[in-house]
Amino acid sequence: MPDPVIKAPVGSLRGLWPFVRRHSGLFVAWLVALACSSAATLALPAASRVMIDQGFASGGGAAIDRAFLLLFSVALVLAFATAARFFFVSLLGERVVADLRASLYSHLLSLDAGFHDRNRSGELVSRLTADAELLRSTVGSTMSVALRSVVTVIGSIVMLFVTSPLLAAWALIGIPLTVLPIVVGGRRLRKISRASQDRIADANALASETLGAVRTVQAHAREPYERGRFSTALKTAVNTARKRIGAQAIVTAVAITLVFGAITFVLWLGAHDVVAGRMKAGVLLQFVFYAVIGGGSIGALAEVWNEMQRAAAGMGRISELLQEIPAITAPQSPNILPSPVHGELTFDHVTFHYPQRPEHAALTAFNLRVRPGETVALVGPSGAGKSTVFSLLLRFHDPDSGTVRVDDTDIRTLDPAVLREAIALVPQQPTIFATSARDNIRYGRLEADAAQIDTAVHNAHASDFINALPEGLDTELGERGARLSGGQQQRIAIARALLKDAPILLLDEATSALDAQSERAVQQALEALMQGRTTIVIAHRLATVLKADRIVVMDHGRVVAEGTHEQLLAQGGLYAELAKLQFLD
Ligand SMILES: Nc1ncnc2c1ncn2[C@@H]1O[C@H](COP(=O)(O)OP(=O)(O)OP(=O)(O)O)[C@@H](O)[C@H]1O
C-alpha cells in the first residue's frame, strides 16, 4: 500500500495549520518578535564593522562612544526580541498541541467499535502522547528555529553580497554542495523515523496491556517472560532509533563540514585581499561574521530538517486517525423515540459478520421480538452470538442485512446517543473507573443529586459494603475497581444502571461464582433493576432463567428454541443439555 506520510513528508505538517490559526494572536506576535530578532542578528556584524572601521580608525572619543552605544543597543534589541520570540512560540506550541490532543481524543471517542477492535488502545495512547509530544517540540522550537534559520540564511546571503560581491559569489558555490547531502540523507531518515516511532508504540502497547492485566501475569508467574518480551521490544526500538540517530549524525557532520569548508576557503581568499590592501579589516570582519551566522543557520536547518521529518511522520499518523470516518453516526435528520420509550425490541432477519471475521456469521437471519416490560433470557453455548445481540442493539455495529428496531423505529435512523440513553447495560465484567464510588455510580447519570445516588446504592444492595469502606461513597476504588470483590463491582454497576433509569435493560450475567451471601445481594439488586423495564439477560443461573418470562435458546447465531424452562426441558435438545451442564448444582 502506498504510504502517504513517506511520500509527502514535511508537507504533513500542514495538518497543524488549522490548529495554529486558532491562536492567530500568538502566531502574529511570534512573527513580529522573529522579524525583530532576525533584524538585530543581521545588524550585529554591521555594527561591529562601524565599531572597528570608524570607532577605532577616527580616533575620536565621541565616535568610539557612539559606535559602542550602537553595538550595545543592537544587542539589547536582540536580547528582548529573542526572549519575546521564545515566549510566544513556546506558548503557541503548548496551546496547539493541547488543541490537537483534545481533537484527537474527541475523535477517537467518536469512532466505532470496529475501529477500536482493529486498533490497540496502547497504540492510540502513544499517538496521543508520544506523537503529540513530538509536535509540541516541533511547533514550540523546531519550526521556530527553522523559520529563523531560513530568514537568517537569506539575510546573511544578501548582506554577504552587500559586503563583498566577489567573496560572496565564492561562498555561494558552497551552498548547493551543502543542500545535496541534506536532501539525500533526509529521504533515508524519513523511512527510519517512522519505523522508529512505530517500534516505540509497539513497546508502549505491550507495556500497557501487561500492566493492565498485571494480576493475570502474576498469577501465571510470567513476570520473567513479560520482562523478556518488553526488553526485546525495547531493544528493537533502540536498534531502529540507532539507525535514525546514526543517519542524522552523518547528515549533520557532512553539512557542517561542507559549510565551514566553504567559509574557510573564502576567508583565505579575503585574508590575501586585506594583506594586499584591497579590503579594510572591518569589512572582512563583517563578512566573516555574516558567513558564520549564515553557515551556522544552515547547520541548524540541517538538524531541524531531520526533526521536522520525524514530527511530520507523527503528524501523518495523527492525521490518518483524524481522517478516520466513524462507521456509526447519526443520520442527517434523525428520528425520535416516543416519550416515554415503551421498550419494544425487534430483530428482524438480522445477519451480521464482524468486520474482523468476514467469513464467519455471528448472527444469521436472527429474529427476536421482546414486548415492552418483558424479560427474555438468552441461553446458548459460548460463541452462540448472545453478546452480539447486545452489540447490535447498542448499535456498536450495524447489521449486514435485516433491521433492529426499538419501538418500531429502525435504530439506524436514530441518533446513537439518543438510542443508548434509552438502554442501560450491566456487563459481565463491569468497568470501574479509578475514581470514588460516588463518581463511579454517577457515571449512569452525571446530573444525579446525592439523594438519588443514595437511593440507587440502597436499591442495589450496596449500602452495607460501601458504608464499610474507609470513606464511604468518597472512597477511591482503585484502577479497575481493584479494591472491590467481583460481587461488589457488580452491585456498583447495578447502582449505576438504576441511576440511569433507562427503559431497556441489557444484562450480561456474571459467570464467576459468588459466595452465597453476595449472590443473594446481587440477585435482589438485579430484581430491583429489572422492575418495569424491558430486559434481555444473558443468563447463566437457574434462578435468572426461572424468573424470565421467556427463554430464547441460541446456537450458531440463530434462535433454535424458545419457551419456558419446563417447556424447553420437556423438548430435550440443546437447552436440556445446557441445563444439565450449567444449572444443576
Ligand atoms: N469483536 C469481534 N470481532 C470478531 N469476531 C467476534 C467479535 N466478537 C465476537 N466475535 C465472534 O462472533 C461470534 C459470536 O460471539 P458472541 O460474543 O456474540 O458469543 P456469545 O454467545 O456471547 O459467547 P459467550 O457466551 O462466550 O460470551 C463468536 O464466534 C465470536 O468469536
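Residues numbered from 1 in each chain as written. Predicted model: local features only at pLDDT ≥ 70, side-chain atom pairs only at ≥ 80, totals over all residues.

## What about the confidence of the model for the protein?
In low-pLDDT segments, the atomic positions of the prediction should not be examined closely. Counted only if it meets this: pLDDT runs from 0 to 100 and stands for how confident the predictor is about each residue. In this description, a residue-residue contact is defined by the distance between C-beta atoms placed from the backbone, which must lie within 7 Å.
Here the protein shows a mean pLDDT of 84. Residues at 70 or above account for 93%. Note that pLDDT drops below 50 for residues 1-8; the model gives that stretch 10 contacts with residues more than four away or on any other chain. Prediction confidence for the complex, expressed as pTM and ipTM, is 0.75 and 0.93 respectively.

## Description of the site of the ligand
To be explicit about the condition: Any residue whose C-beta atom, as placed from the backbone, lies within 6 Å of a molecule or strand is termed near it. Helix and strand assignments follow DSSP, with helices taken as H or I runs no shorter than four residues and strands as E runs no shorter than two, numbered in order from the N terminus. Lys, Arg, Asp and Glu make up the charged group, whereas Ala, Val, Leu, Ile, Met, Phe, Trp, Tyr, Cys and Pro make up the nonpolar group; the residues left over, Gly among them, are polar.
Around the ligand sit 14 residues in total, of which Tyr354, Ser382, Lys386, Ser387 and Thr388 are the nearest. At 3 residues, helix 11 (residues 386-393) tops the list of elements feeding residues into the shell around the ligand. Residue composition of the shell around the ligand, grouped by class: 3 nonpolar, 8 polar and 3 charged.

## With respect to the sheet that holds strand 5 (residues 409-410)
We apply this condition: When DSSP locates at least two bridges between a pair of strands, those strands are taken to pair. For every element, the axis is a line fit to its C-alpha atoms; helices are fit only across the contacting stretch, and the angle between N-to-C directions ranges from 0 to 180 degrees.
Across the sheet, which stays open at both edges, the 4 strands sit in the order 2-1-4-5 with antiparallel pairing between neighbours. Only two strands of the sheet have a single neighbouring strand rather than two, namely strand 2 (361-370) and strand 5. Here 6 bridges tie strand 1 (residues 345-353) to strand 2, and the two strands are oriented antiparallel to one another. Note on strand 2: the bridge partner recorded for Thr346 is Arg369. Against the sheet, helix 11 touches strand 1, strand 2 and strand 4 (401-406), its axis set at about 110° to strand 1.

## Considering the nonpolar core
For clarity, the threshold we go by: A set of buried residues qualifies as a nonpolar core if it consists of Ala, Val, Leu, Ile, Met, Phe, Trp, Tyr and Cys joined through C-beta atoms within 7 Å. Exposure in this text rests on C-beta crowding, where 20 or more other C-beta atoms within 10 Å of a residue's own make it buried, 12 or fewer make it exposed, and counts in between make it partly exposed. The C-beta atoms are placed from the backbone.
One finds Ala377, Leu378, Ile494 and Ala495 to be the most contacted residues of the largest nonpolar core, which totals 69 residues. For this core, the leading source of residues is helix 16 (residues 486-500), giving 7 residues. Apart from the residues lying within four places of it in its own chain, the contact partners of Leu378 are Lys386, Val389, Ile536, Val537, Ile538, Ala539, Val552 and Met554. In terms of nonpolar packing, the next biggest core, distinct from the first, is built from 52 residues, Leu34, Met143, Ala146 and Ala311 among them.

## A look at helix 6 (residues 121-163)
Where we set the bar: A helix's residues, less one, multiplied by 1.5 Å, set its expected span. The quantity called bend is, for any residue, the angle between two axes fitted respectively to the seven residues ending at it and the seven beginning at it.
Relative to the 63 Å expected for 43 residues at 1.5 Å per residue, helix 6 spans 59 Å between its end C-alpha atoms, a close match to the ideal helical length. In the structure, helix 6 departs most strongly from a straight axis at Thr138, where the bend amounts to approximately 50°.

## Quick notes on the environment of Asp99
Along the polypeptide, Asp99 turns up in helix 4 (residues 61-110). The class for Asp99 is partly exposed, based on 16 C-beta atoms found within 10 Å. Distance in space between the C-alpha atoms of Asp99 and Glu421 is 28 Å, their sequence separation being 322 residues. For Asp99, the residues in contact, after removing those within four places along its chain, are Phe19 and Arg22.

## Notes on the domain arrangement of the protein
A common measure of how large an interface is: the accessible area buried when the components associate. Condition: What fixes the domain bounds is an automatic or database domain assignment.
What the domain assignment reports for the protein is domain 1 (4-323) and domain 2 (345-582). Taking the mean C-alpha position of each, domain 1 and domain 2 sit 54 Å from one another. On the side of domain 2, 5 residues touch domain 1, which itself brings 5 residues to the contact. Across the side of domain 1 that touches domain 2, the residue classes tally to 1 nonpolar, 1 polar and 3 charged.

## Describing unusual backbone geometry
With an omega of 0°, the peptide bond running from Ser339 to Pro340 counts as cis. Position of Pro340 among the secondary structure elements: in the loop between helix 10 (281-323) and strand 1. Positive phi, close to 50°, is recorded for Asp501, a residue that is not glycine.

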